[in-house]
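Commentary on secondary and tertiary structure
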Amino acid sequence: MNKFMGFLENILLPIADKLNNNRYLTALRDGFMVSLPLIIFGSIFVVIANFPFLDKVLSERAYTAYQNALAPASAATLSIMGLFVIVGIAYKLTHYYGGEAIYGGVVALASYLILTPQTLDGIEGVIPTSSLGAEGMFLGILTAFVSAEVYRFFVNKNVTIKMPPGVPEAVSRSFSALIPISLTLVVFLTIRIIFSFTFFQTAQNFIFTVIQQPLTKLGSGLGATILAVLLIQIFWFFGLHGQIIVNSVFDPIWYALNNQNLQAFQSGQELPNIITKQFIDTFLVGMGGTGMTLAVVILIFLIGRSRQTKELGKLGGPAGIFNVNEPIIFGLPIIMNPLVLIPWILAPIIVTIITYFSMSTGLVPKPAGIIVPWTTPIGLSGFLATGNSWRGAVLQIFNLLVVMGIWLPFLKILDKSYYEKEKAKKKE
């Protein structure tokens, strides 16, 4: 065990530290966080628009009118989520460099729109909505990074218009940003023109074909998902926020898969993907937080004998219901505790496999692409994430029982050691 922990510490921790401090991954993570409230808003209205049995209660005409009335809520958020992510990433990256963050955000948005095809069904000047969502996500992320760096380059070269003293600060900042923004947009216009002479025609076709499709296919597989889950658990075991580190890399893939499912769900078509953002957030994180520690809290109330674990259960129980598990992670503790390393790593992997095959065999519906807030309690989150299916809730409960079974012997040993130490202390 010591050799294994030493290996993990020597190999993985330096890598994790570099990833955690990487400015691009940090901007990527924060950029998605900027868009999250809008995505959740749109998802809520997708749920409302697709309440179960509503189509049986209302007439076909009334049901269609009802859905059409609510459709703009998701169309203005989920369908164009790529735009919010682009602005968020470039804003955060420019802010990291100490520049005018708002200009970094808007120049990234304009740069992306320059690269985006502006023809739909032969009609010029129309931007396809699909290009602003999942299909254009990877190009949007790359554009945000590159545009922020190009904009910063021109600013650092002092290629700006200097306004005389006395000019209002807002006006002065606008003119200072004029030339760097213009030169940045010229760079992206040049890129668009160059791609128009290639086989791909557009930068978006190139990125989608060469980068996005292969990565999405890889990220949708069970093997890559198990690896991601394994790394999350290992990083957390050593006190690093595994979710932030790993999600920074996988979120673009998982969100793209999520949006594909959402589009299919709204169109009444078969859902294409099992692994999505909600697969991770609902059936793993959404069961008490990272590591599904709601099972640990329940076991503490059932078998806990030591005062330490009982008090921890009282402290961690209410938070665990809403998937906040820092009290358990730091109080049990899980971090650097060899006694719980096996269930901490094994349980999420087993649940990932169970959930994947439950959905691949049709026992449980695939995630419908609806972004459910991560604080939603178990049962309700599974119901909503699978398009209002009770089977999603049942799967979560079943997985919870599996995690409890895996943790039971290890928690008994840990609780017994605490209990004996407390008894020995009383005798002193």
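Right above here is the structure, for reference.
Residues numbered from 1 in each chain as written. Predicted model: local features only at pLDDT ≥ 70, side-chain atom pairs only at ≥ 80, totals over all residues. Heavy atoms only, no water.

All right, on to the side chain of Asn 261 then. For Asn 261, the location among the structural elements is in helix α11 (residues 242-267). Once residues lying within four places of it in the same chain are set aside, the contact partners of Asn 261 are Leu 271, Pro 272, Asn 273, Thr 276, Lys 366, Pro 367, Ala 368 and Gly 369. (Helix = DSSP H or I, 4+ residues; strand = E, 2+ residues; numbered from the N terminus. Contact = heavy atoms within 4.5 Å.)

Before going further, it helps to examine the packing of aromatic side chains. Under the definition given, this model contains 9 aromatic pairs. Ring centres of Tyr 96 and Tyr 97 lie 5.5 Å apart, and the angle between their planes is 70 degrees; this geometry places the pair in the edge-to-face category. For Tyr 96, a relative accessible area of 52% gives the class exposed. Ring plane angle 75 degrees and centroid distance 5.6 Å describe the contact between Phe 199 and Phe 200, whose orientation is recorded as edge-to-face. What links up through ring pairs into an aromatic cluster is the set Phe 195, Phe 199, Phe 200 and Phe 206. Over the face of the ring belonging to Tyr 97 we find Arg 152, whose NZ or CZ atom lies 3.7 Å from the ring centre. The residue whose ring lies beneath Arg 305 is Tyr 419, and the NZ or CZ to ring-centre distance is 4.1 Å. (Phe/Tyr/Trp six-rings, centres within 6.5 Å; stacked < 30°, edge-to-face > 60°. Buried < 20%, exposed > 50% of the residue type's maximum accessible area, 1.4 Å probe, protein only. Lys NZ or Arg CZ within 6 Å of the ring centre and 35° of its normal.)

Counted at 1.5 Å a residue, the expected span for helix α9 (residues 203-219) with its 17 residues is 24 Å, and the 22 Å between its end C-alpha atoms agrees. At Gln 212, α9 shows its largest bend, some 40 degrees, and a proline, Pro 214, comes one to four positions later. Of all the residues in α9, the buried ones are Ala 203, Gln 204, Ile 207, Gln 212, Thr 216 and Gly 219. (Expected span 1.5 Å × (residues − 1). Bend = angle between axes of the 7 residues up to and from the residue.)

Positionally, Val 85 belongs in helix α5 (residues 81-96). Given a relative accessible area of 0%, Val 85 falls into the buried group. Not counting residues within four places of it along the chain, the set of residues in contact with Val 85 comprises Gly 31, Phe 32, Ser 35 and Met 137.

This part takes up the pattern of salt bridges. One pass over the full model with this rule turns up 4 salt bridges. The partner of Glu 149 in a salt bridge is Arg 152, and the shortest N-O contact between them spans 3.1 Å. Of the two residues, Glu 149 and Arg 152 both sit in helix α7 (residues 137-156), 3 residues apart, roughly one turn of that helix. According to the relative accessible area criterion, Glu 149 is buried, its value standing at 19%. Note that Glu 311 is salt-bridged to Lys 314, the shortest N-O span being 3.7 Å. In this pair, Glu 311 and Lys 314 are both assigned in helix α14 (residues 307-321), 3 residues apart and thus about one turn of the helix distant. Linked through salt bridges whose partners overlap, the residues forming this network are Asp 251, Lys 277 and Asp 281. (Salt bridge = Lys/Arg side-chain N within 4 Å of Asp/Glu carboxyl O.)

At their nearest, the axes of α9 and α11 sit 9 Å apart, and the two run at 90 degrees to each other. It follows that α9 is roughly perpendicular to α11 by the angle criterion. For the pair formed by α9 and α11, the contact residues are Gln 212, Leu 215, Thr 216 and Gly 219 on the first element and Ile 253, Trp 254, Ala 256, Leu 257 and Gln 260 on the second. For the contact of α9 with α11, the per-class residue count stands at 5 nonpolar, 4 polar and no charged. (Axes fitted to C-alpha atoms, helices over the stretch in contact; angles between N-to-C directions. Parallel < 35°, antiparallel > 145°, perpendicular 65-115°, else oblique. Nonpolar A, V, L, I, M, F, W, Y, C, P; charged D, E, K, R; others polar.)

A word on the nonpolar core. Ranked by size, the top nonpolar core spans 99 residues in total, and within it Phe 32, Ile 89, Tyr 255, Leu 332, Ile 334, Trp 344 and Trp 407 carry the most contacts. It is helix α18 (residues 390-427) that contributes the most residues to this core, 10 residues altogether. Every residue in contact with Tyr 255, bar those within four places of it in the chain, is listed here: Phe 32, Leu 36, Ile 39, Met 81, Met 137, Lys 277 and Ile 371. Core analysis: the second largest hydrophobic core is formed by 5 residues, Tyr 103, Val 107, Tyr 151 and Ile 181 among them. (Core = buried A, V, L, I, M, F, W, Y, C linked by side-chain atoms within 4.5 Å.)

Attention shifts here to empty space enclosed by the protein. Per the counting criterion, the structure on display carries 1 cavity of 30 Å³ or more. Roughly 80 Å³ of internal volume is contained in the largest cavity. Lining the largest cavity, in full, are Val 229, Ile 232, Gln 233, Gln 243, Ile 280, Leu 284, Val 285, Thr 290, Gly 291, Met 292 and Pro 348. Going through the elements one at a time, α10 (222-237) and α12 (277-285) are the ones with two or more residues in the lining of the largest cavity. A per-class count over the lining of the largest cavity returns 7 nonpolar, 4 polar and no charged. (1 Å grid on protein atoms, 1.4 Å probe; cavity = no way out; pocket = protein on both sides within 12 Å on 5 of 7 lines; lining within 4 Å. Points joined across faces, edges and corners; volume = space filled by probe spheres on them.)

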